[in-house]
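What the coordinates show
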Amino acid sequence: MVSNKQIVRDIYDACDEEFGGQHRAEAIRHANAMIEGYEADKPKTEIDAYKIMRQAYREVAAKEAARNEPASRKPGAAERSKPFKPGTPEQVRADMKAGTYKPFAS
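Now for a description of the structure that goes with this document.

Rules and cut-offs
- Residues numbered from 1 in each chain as written.
- Predicted model: local features only at pLDDT ≥ 70, side-chain atom pairs only at ≥ 80, totals over all residues.
- Heavy atoms only, no water.
- Helix = DSSP H or I, 4+ residues; strand = E, 2+ residues; numbered from the N terminus.
- Buried < 20%, exposed > 50% of the residue type's maximum accessible area, 1.4 Å probe, protein only.
- Contact = heavy atoms within 4.5 Å.
- Salt bridge = Lys/Arg side-chain N within 4 Å of Asp/Glu carboxyl O.
- Polar contact = N/O pair within 3.5 Å; in protein donor to acceptor, adjacent residues only side chain to side chain.

All right, on to the overall build of the chain then. The number of helices and strands found in the chain is five helices and zero strands. The linear arrangement of helices and strands in the chain, starting from the amino end, is α-α-α-α-α. Across the 106 residues that make up the chain, the buried fraction comes to 18%. Taking as baseline every contact in the chain between residues at least 6 positions apart, the subset at least 24 positions apart corresponds to 52%.

See the structure below:
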C-alpha cells in the first residue's frame, strides 16, 4: 500500500515535470487558497488532488509567464509625429512671411 506522503510527492513530481519545479511552493499556496476560498472542493481522492494541483500549477505558471513577457511597445510621440519640412531657417522665414509655410512634409 502506498502512503499518503508518497502520493503527494508523486503528484508534486508530476506537476513539477509538466510546469517546472520553481512553481511548487506558490502552486501549493494557490491550491490551499482555492480550497479555502471555495473555488475548489477539498479533494476526496488522489485524482481530485492531482486535478487541483495541476490547475494551481497551470495558473501560477501562466501568471509567471505573463509577468516575464516583455511589454508591448506603444508608439511614442516621435513615431506618431509627421516629419518636418526640410529647409534652411532662411527658407522657413521667407515662407512664413509669404504665408506659404507648411511645417510638415507632404
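Quick look at the pattern of salt bridges now. Taken as a whole, this structure holds five salt bridges when the rule is applied. Between Arg-29 and Glu-26 there is a salt bridge, with its nearest N and O atoms 3.1 Å apart. Placement of both Arg-29 and Glu-26 in helix H2 (residues 24-36) is noted, with a separation of three residues, approximately one turn of the helix. Owing to a relative accessible area of 34%, Glu-26 belongs among the partly exposed residues under this scheme. Residue Arg-67 pairs with Glu-64 through a salt bridge whose shortest N-O separation is 2.2 Å. Here Arg-67 pairs with Glu-64, and both are found in helix H3 (residues 46-68), just three residues apart, close to one helical turn. Given a relative accessible area of 57%, Arg-67 falls into the exposed group. On the basis of relative accessible area, Glu-64 is assigned to the partly exposed category, the value being 25%. Salt bridges linked by common partners bring Asp-13, Asp-16 and Arg-24 together as one network.

Here Asp-16 is to be found in helix H1 (residues 4-19). Judged by its relative accessible area of 16%, Asp-16 falls in the buried class. Within polar-contact distance, the side chain of Asp-16 engages the side chain of Arg-24 at 2.5 Å. Setting aside residues up to four positions removed in sequence, Asp-16 forms contacts with Gly-21, Arg-24 and Tyr-57.

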